[in-house]
Amino acid sequence: MAMKAAIVLGLFMATLGLIASGRVARCVAALAGAALLMGMGFISFETAIGYVDFNTLGLLMGMMIIVGVLSRTGVFQYVAVKTMKLTRGNGIVTLFAIAGVTAFLSAFLDNVTTVLLISPIVVSVADIMDTDPVPLLMAEALASNIGGTATLIGDPPNIIIGSYAGFSFVDFLVYLAPVAIVVLFAAVLFLAFHFRDELVITPDQFARIRGIDEKKTIKDGKLLLKAGLAMGAVLTGFILHHVLHLEAAVVALLGASLLLLVTPGDGDHIIHNDVEWPTLIFFLALFIVVGALKEAGVISIIAKGLAAAVAGHPFLAALAILWFSGLSCAFINNVAFTATFVYVVDEMAQALSTSAEPLFWALALGACLGGNGSFLGSAANVVVADISRRAGHVISFGGFMKIGMKTTVLSLSIASLYLFLRFGL
């Protein structure tokens, strides 16, 4: 088992290195890694398919189609002009506004849905200002993960932890929302300082914004009405999907297919151009690669060593869970990690003869906040990077990680202090 785990871990690191190098497209690197792991027999095809989260893939596809149709109406340009006029062309205020709206929406909607809605607005804002959209897009991606930390439904790891530990929606608001707000403010301050030169807007640029009549940016009012109704129905479905007993992917695909039926033009053209197929392939392959890690026992081996290292020290156990999950989930899917690690946390609490509750909150903070570390940590990160690339501004793996890891370390440091003050372990 140890030899198998070592080989699988080595192949995972090689795949990660290939993605980071940028020498090949990340979807190709992930696909090659998944195919190699299956071809060498480390995970069977049938088992690999079981690890693919089709809910995430379906949600991405459905929302990409709806947002693609919406983009044809000019509504994103309308919102962009309105935003710039409200912020009076102040780049720092715009950064805080985009991060705040994104974090709030991500607390109640899937992160991917949120960034698919906000990203076109961000790109339009940057086009109007004639500036680089990367600072605003980075703020959006990082804020989506931080905002998702605050509630039970904001990020899938929280749903898993809430179900296993018996935590309610109110419990998450009481225990995680306060620290999420502090982390968000600190992270946006860091981004504002890091991108201070890029966020400067000249008087001439703002004058150009003031001269735009936002009403004239709407290109197709009838299509906007249809797409708006579809989006409203889908968002309502997301809120009620537990009552309706429908997965979020089904809701999104229903909305997308109905919208295509009433949209004039060629549906094939919309599906071909607006669905980011490389992104979907990347996630499909990544799920298989992470599944192989789990099947080989890599996560369990590390977790058991972690438990042995902190035996007899409850607060060290909480910190170890927070930082280990945070740094791990920067590179591996946090859903698969959390689904495995909830059992480890329970066993650690029993071994330490302490309450499991603080340890579960540490896991929630680590798994959610750690998603900001790199592209691989969150689906939202990949979507934002792809939208930026399509707009002509490439965010490299290393470039994202340089900012993302600093934000993650800052976030986990604040979370460590919070755990100490809140629980006094």
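Thresholds applied
- Residue positions within a chain follow its written sequence, with the count starting from 1.
- Local features are withheld for residues below a pLDDT of 70 in this predicted model, meaning they are given only at 70 or higher, and side-chain atom pairs are given and counted only at 80 or more; totals for whole chains, interfaces and linings count all residues.
- Hydrogen atoms and water are omitted, and side-chain values are computed over all heavy atoms in the structure.
- Method remark: on a 1 Å grid restricted to protein atoms, a set of points is classed as a cavity if a 1.4 Å probe fits but cannot get out and as a pocket if it is open with protein on both sides within 12 Å along at least five of seven lines; lining residues have an atom within 4 Å of a point.
- Grid points are joined across faces, edges and corners, and a volume is the space filled by probe spheres set on the points.
- Numbered from the N terminus, helices here are DSSP runs of H or I no shorter than four residues, and strands are runs of E no shorter than two.
- Under the convention adopted here, Pro, Cys and the residues Ala, Val, Leu, Ile, Met, Phe, Trp and Tyr are nonpolar, Asp, Glu, Lys and Arg are charged, and Gly plus all remaining residues are polar.
- Here the term buried applies to any residue with accessible area under 20% of the maximum for its type, exposed to any over 50%, and partly exposed to those in between, with areas from a 1.4 Å probe on protein chains only.
- In this description, the arc belongs to the directions extending from the helix axis to the C-beta atoms.

Naming follows an unreviewed UniProt entry, where the protein chain appears as ArsB/NhaD family transporter of Aminirod propionatiphilus.

Engineer: Which residues make up the layout of surface pockets, and what values go with them?
Structural biologist: What the largest pocket holds in volume is close to 830 Å³. Forming the walls of the largest pocket are 37 residues, and the residues nearest its centre are Asn55, Asp110, Asp155, Pro156 and Ile159. Secondary structure elements with two or more residues in the lining of the largest pocket: α4 (54-71), α7 (111-129), α9 (156-165), α13 (221-244), α16 (277-295), α19 (334-352) and α21 (379-390). For the lining of the largest pocket, a count of residues per class yields 20 nonpolar, 13 polar and 4 charged. A volume near 440 Å³ is recorded for the second largest pocket. Those elements giving two or more residues to the lining of the second largest pocket turn out to be α4, α5 (75-86), α7 and α21. Counting residues per element, the lining of the second largest pocket draws most heavily on α7, which supplies 5 residues. Grouping the amino acids of the lining of the second largest pocket by side-chain chemistry returns 9 nonpolar, 5 polar and 5 charged.

Engineer: I'd like a description of empty space enclosed by the protein, backed by residues and values.
Structural biologist: One pass over the full model with this rule turns up 1 cavity of 30 Å³ or more. If you trace the largest cavity, you find it lined by Gly91, Thr94, Met129, Thr131, Asp132, Pro135, Leu136, Glu198, Leu199, Val200 and Ile201. For the lining of the largest cavity, the residue count by class is 6 nonpolar, 3 polar and 2 charged.

Engineer: Got a sec to walk through helix α12 (residues 203-210)? Specific residues and values, please.
Structural biologist: Taken as a whole, α12 has its buried residues at Gln205, Phe206 and Ile209. Buried residues of α12, viewed axially, fall in a sector of 95°; they line one side. Residues of α12 that are exposed and point over 90 degrees away from its buried face: Pro203, Asp204 and Arg210.

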